[in-house]
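What follows is each chain in one-letter form.
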Amino acid sequence: MLLRDFILTARSSLAELYGQEEAVSLVSVLCGEVLGVSSYAHVLAPETVVPDDRLPLLESSLSRLVSGEPLQYVLGHAEFCGRRFNVSPSVLIPRPETELMCRMILTELLPLCGLSSPSVMDLCTGSGCIAWTLSLSLPDASVTGMDISDEALQVASSQPFSGNAPSFFKGDLLRLSDFASLGKFDVIVSNPPYVKDSERALMRKNVLDFEPGLALFVPDDNPLVFYDAVASFSVEHLAPGGFGIVEINEALGKETADVFRSAGFGNVSVREDLSGKPRYVVFLK
Ligand SMILES: C[S@@+](CC[C@H](N)C(=O)[O-])C[C@H]1O[C@@H](n2cnc3c(N)ncnc32)[C@H](O)[C@@H]1O
């Protein structure tokens, strides 16, 4: 098959779901990944033929995109804080808001607290994107990530990086008694599930159909369940002079901050993301 023919067919089959512009970009990334060709290869060399051994992967990847599966799952990786993380459908695709949380930790909160080689706990680590970003940026830090999902922990612990690797373990954040033997941490960070069940109706189909519900949803009648747990965990395990930061549901900024105030943290603030939405709660000890 000519590359030109594949590209034209692929663009038109994706245009209905993604729009023309996004379809062009998706096909360009796909061909770049699978064939190693630039986005203009079919224009500059119109007779380029897709090698027979690459065609099945190209076609199966296209079918997955047409079904609405996110590009990152199809490719098996996602960019986060300048690094390429492995992802699978058992982990949330790392989000730009979470990148900003890592940057706030590295550029603002660690210097503010005078911490250069902190011990860090990442609760609900998923792909390990937060844990790895912090451990690779802070070679003297000791970083631990925890998640309830075996599949997520498998992804987190097999990320393709060398250097100061985090350690990962399985745990249920809602069973705090399991953590009694853990020590203190200078930094506690978490991006837990925070989307209310009733908010499903507002979400895009490709998130609902393909990203793990375990990573996203909380019951409407107890939407702060994970923040209650992070606050209780932090009462026991946050070292004096340390800080915590959590990513939050933008509709529940004040309520989430109140969870940490009620747990006894005096210095609690709600921070905004780049769109000006309440997106993080920071608490100091
Ligand atoms: C919103 S995702 C965040 C993943 C990753 N930290 C990120 O920012 O991309 C939430 C994670 O919480 C995990 N999780 C859900 N319930 C949990 C529980 N009871 N205890 C520990 N982890 C849990 C899910 O498996 C998922 O990986």
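Residues numbered from 1 in each chain as written. Predicted model: local features only at pLDDT ≥ 70, side-chain atom pairs only at ≥ 80, totals over all residues. Heavy atoms only, no water.

## Let's talk about the overall build of the protein chain
- Of regular secondary structure, the protein chain possesses twelve helices and eleven strands.
- Seen through its C-alpha atoms, the protein chain measures out along the principal axes to roughly 70 × 40 × 35 Å.
- A total of 285 residues make up the protein chain; the buried ones form 49% of that total.
- Residue pairs in contact within the protein chain that sit at least 24 positions apart in sequence constitute 67% of those at least 6 positions apart.
- In the form shown here, the protein chain has an accessible surface area of approximately 13,100 Å², with 53% of it arising from carbon and sulfur atoms. (Helix = DSSP H or I, 4+ residues; strand = E, 2+ residues; numbered from the N terminus. Buried < 20%, exposed > 50% of the residue type's maximum accessible area, 1.4 Å probe, protein only. Contact = heavy atoms within 4.5 Å. Areas by Shrake-Rupley, 256 points an atom, 1.4 Å probe, with all protein chains shown as cover.)

## Details of the nonpolar core
- In this structure, Leu123, Leu173, Ile188, Tyr227, Val230 and Phe260 are the most contacted members of the largest nonpolar core, which totals 33 residues.
- Those elements that provide at least two residues to this core are strand 3 (119-123), strand 6 (185-190), strand 8 (217-218), helix 11 (225-237), strand 9 (238-247), helix 12 (253-262) and strand 11 (278-284).
- Considering every element that reaches this core, the biggest residue donor is helix 11, with seven residues.
- Contacts of Tyr227, omitting those with residues within four sequence positions, involve Pro192, Tyr194, Val246, Glu247, Ile248, Asn249, Thr256, Val259 and Phe260.
- The next biggest cluster of nonpolar side chains, apart from the first, holds 31 residues, and it includes Cys81, Met104, Leu109 and Ile130. (Core = buried A, V, L, I, M, F, W, Y, C linked by side-chain atoms within 4.5 Å.)

## Some points on the pattern of salt bridges
- According to the stated counting rule, one finds 17 salt bridges in the structure shown.
- Residue Glu211 pairs with Arg95 through a salt bridge whose shortest N-O separation is 2.8 Å. Taken as a pair, Glu211 in the loop between helix 9 (205-210) and helix 10 (213-216) and Arg95 in the loop between strand 2 (83-86) and helix 6 (96-113) lie far apart in primary sequence, 116 residues in all.
- The exposure class assigned to Arg95 is partly exposed, which follows from its relative accessible area of 23%. (Salt bridge = Lys/Arg side-chain N within 4 Å of Asp/Glu carboxyl O.)

## Thoughts on the pairing of strand 1 (residues 77-80)
- As paired strands, strand 1 and strand 2 are joined by four bridges and run antiparallel to one another. Bridged to His77 within strand 2 is Asn86. (Pairing = 2+ DSSP bridges.)

## Here's the deal with unusual backbone geometry
- Here Cys81, not a glycine, exhibits a phi torsion of approximately 50°, which is positive.
- Tracing the sequence through the fold places Cys81 in the loop between strand 1 and strand 2.
- According to the relative accessible area criterion, Cys81 is buried, its value standing at 14%.
- Even without being a glycine, Cys124 presents a positive backbone phi close to 70°.
- Relative to the assigned elements, Cys124 resides in the loop between strand 3 and helix 7 (129-137).
- A relative accessible area of 17% places Cys124 in the buried class.

## Let's talk about the packing of aromatic side chains
- Per the counting criterion, the structure on display carries seven aromatic pairs.
- Arranged with centres 4.9 Å apart and planes meeting at 70°, the rings of Phe85 and Phe161 form a pair that is edge-to-face. Taken as a pair, Phe85 in strand 2 and Phe161 in the loop between helix 8 (150-157) and strand 5 (167-170) lie far apart in primary sequence, 76 residues in all.
- On the basis of relative accessible area, Phe85 is assigned to the buried category, the value being 0%.
- Among the aromatic residues, those joined into a ring-pair cluster are Phe80, Phe85, Trp132 and Phe161.
- When the ring centre of Phe217 is taken as origin, the NZ or CZ atom of Arg200, which lies over that ring, is 3.9 Å away. (Phe/Tyr/Trp six-rings, centres within 6.5 Å; stacked < 30°, edge-to-face > 60°. Lys NZ or Arg CZ within 6 Å of the ring centre and 35° of its normal.)

## Thoughts on the domain arrangement of the protein chain
- Here the domain parsing of the protein chain yields domain 1 (3-67) and domain 2 (91-284).
- The straight-line distance from the C-alpha centre of domain 1 to that of domain 2 is 37 Å. (Domains from an automatic or database assignment.)

## Let's talk about the site of the ligand
- Around the ligand, the surrounding shell holds 21 residues, and the nearest of these are Cys124, Asp147, Asp172, Leu173 and Asn191.
- Within the side chain of Asp147, an N or O atom sits 2.7 Å from an oxygen atom of the ligand.
- Leu173 places a main-chain nitrogen or oxygen 2.9 Å from a nitrogen atom of the ligand.
- Surface burial for the ligand is 97%, taken as the share of its 590 Å² of free accessible area covered by protein chains.
- Per-class residue counts for the shell around the ligand are 13 nonpolar, six polar and two charged. (Near = heavy atom within 4 Å. Polar contact = N/O pair within 3.5 Å; in protein donor to acceptor, adjacent residues only side chain to side chain. Nonpolar A, V, L, I, M, F, W, Y, C, P; charged D, E, K, R; others polar.)

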